[in-house]
Amino acid sequence: MIINREDFITEMAKRNGVTKKASREYTEMFLNTFFELLTEGHTIRFWRLFSARIITSAETNTSVNPNTNPNERMKKPPYKRFSIRLSKGLKEEINEIMNDEEGQ
């Protein structure tokens, strides 16, 4: 089942006894702060959950450009990408849940 942002806000409100308006405000505050900190160059770590950061990749040689000499390699310029690394504990918990579901 896929939970979109609105479904998440509804569930958060229901499970925590707050209004959907308050839940929406908290969710937006969290996400805005999360992304602002990432773009400022911070690494965000939630102990036993994940670590997230923006990484700048190095320039690399990539595939051949079909419009030029077949021996000429194109260069891929450096670019920024989002990286998230799940904690070992969270990976184990997810695997446990998935294994339990497969066994049913």
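These numbers were taken from a predicted model, which means no experiment stands behind them.

1. As for unusual backbone geometry
Then comes step 1: In the Ramachandran plot, R48 falls in the positive-phi region, its phi being about 65° despite a non-glycine side chain.
Then comes step 2: Here R48 shows up in the loop between β1 (44-46) and β2 (50-56).

2. Looking at the packing of helix α1 (residues 5-16) against helix α2 (residues 20-39)
Two measures define how a pair of helices packs: the angle their axes make with one another and the distance between the axes.
Then comes step 1: Where α1 contacts α2, the axes come no closer than 8 Å and their chain directions differ by 120°. In terms of orientation, α1 and α2 fall into the oblique class. When the axes of α1 and α2 are compared, the crossing they make is right-handed. Contact residues: α1 offers R5, E6, F8, I9, T10, M12 and A13, while α2 offers K20, S23, R24, Y26, T27, E28 and L31.

3. Some words on the sheet that holds β1
Then comes step 1: The 3 strands lie next to each other as β1-β2-β5, forming an open sheet whose pairing is antiparallel. Looking at strand neighbours, the two that pair on one side only are β1 and β5 (80-86), the edges of this open sheet. The sheet shows a mean angle of 20° between the axes of neighbouring strands, taken without regard to direction.
Then comes step 2: Pairing of β2 with β5, which is carried by 7 bridges, proceeds in the antiparallel orientation. Residue pairing across strands places T56 opposite K80, the latter belonging to β5.
Then comes step 3: Against the sheet, α2 makes contact with β1, β2 and β5, and its axis sits at roughly 45° relative to β2, the strand it touches most.

The rules behind the values
- Residues numbered from 1 in each chain as written.
- Predicted model: local features only at pLDDT ≥ 70, side-chain atom pairs only at ≥ 80, totals over all residues.
- Heavy atoms only, no water.
- Helix = DSSP H or I, 4+ residues; strand = E, 2+ residues; numbered from the N terminus.
- Axes fitted to C-alpha atoms, helices over the stretch in contact; angles between N-to-C directions.
- Parallel < 35°, antiparallel > 145°, perpendicular 65-115°, else oblique.
- Left-handed = near helix turned anticlockwise from the far one by under 90°.
- Contact = heavy atoms within 4.5 Å.
- Pairing = 2+ DSSP bridges.

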